[in-house]
Amino acid sequence: RRLVLLLPAAAALVPLMGPTQAAGPGPSAPGLRLYQQNLLFDRHEDAAWLAAVAEAAPDVLTLQEVSDRNLAALAGLAADYPHRSVCPFASVGAVAVLSRFPAEAELCAEADGLAGLRVRTPEGPVWVVSIHLRWPWPFGQAGQVDRLVPLLERLDGPVVIGGDFNAVRWSDSLSRIAGASGTRIAGPSAPTFRLPVLGAPIGIDHVLASGAARHAVEVMPRHGSDHRGVLARIAPIGGPWPEAAPLSRP
């Protein structure tokens, strides 16, 4: 039954598959280095993944499917990334943001797969957000985006989002999230996942950021997940990021 239900979502995604080349690692500084990955709730290659993170040396991580076993593995990053938001979501695990920079504020949309930290970087404060969208129809992605849009619209200042969006870059869901957060997708599309049943490679893991020029991404290994990681170099445009106002409340 699950196989039959997945077919409409898979069929909707296949015609939208885009180019498979990702940009190189991009500029070195200033800016923000982000590692995005859906970890897979029952993965078993912790040592390789932790080594890959250490080598990439990101400033922040945006993660999905942070199950209890994955949360235990993240203890290995506690010294380098002491600031974190872990927000429960669905049976496969939480969404999370880890940061080496101090955090000034936190967001958690527990029912809708969003965690966020506003962190103070050397160039100023920036919201770092992790999102895990459900599959498209009939799995409720559109309604989830409906609920996330007002929250994203209230974020002040620069925003960087990493996530497993279960949607290609030119989908309506990505367009709405980008519009609500004032961001654009960093880098070209690249395959990060293979569709169930069909086995076709597709890009559904993305990084979005305020501004667009000089942002670049590179695709990383799976290291035990069913999703490849994405390493993004986010460079502020025209110098330091502006100061962010306090988070607006509804």
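Residues numbered from 1 in each chain as written. Predicted model: local features only at pLDDT ≥ 70, side-chain atom pairs only at ≥ 80, totals over all residues. Heavy atoms only, no water.

J.: Tell me what's going on with the pairing of strand E14 (residues 230-234), and back it up with residues and numbers.
T.: Most of E14 is tucked away: 5 of the 5 residues are buried. Where burial is concerned, the two faces of E14 agree: the one with Val 230, Ala 232 and Ile 234 and the one with Leu 231 and Arg 233 are both buried. Direction of pairing for strand E1 (residues 32-38) relative to E14: antiparallel, over a ladder of 5 bridges. Bridge pairing in E14 places Gln 36 opposite Val 230. As paired elements, strand E13 (residues 216-219) and E14 share 4 bridges and run antiparallel to each other. In the strand pairing of E14, Val 219 is matched with Val 230. (Buried < 20%, exposed > 50% of the residue type's maximum accessible area, 1.4 Å probe, protein only. Helix = DSSP H or I, 4+ residues; strand = E, 2+ residues; numbered from the N terminus. Pairing = 2+ DSSP bridges.)

J.: Tell me about unusual backbone geometry, and name the residues and values.
T.: Following Trp 137, the chain continues into Pro 138 via a peptide bond in cis, with omega recorded as 10°. With respect to the helices and strands, Pro 138 occurs in the loop between strand E7 (124-132) and helix H4 (141-153). Positive phi values are uncommon outside glycine, yet Ala 57 reaches one of about 50°. Note that Ala 57 resides in the loop between helix H2 (46-56) and strand E2 (60-66). The exposure class of Ala 57 is partly exposed, given its relative accessible area of 38%.

Such coordinate-based values are descriptive only and should not be taken to indicate function.
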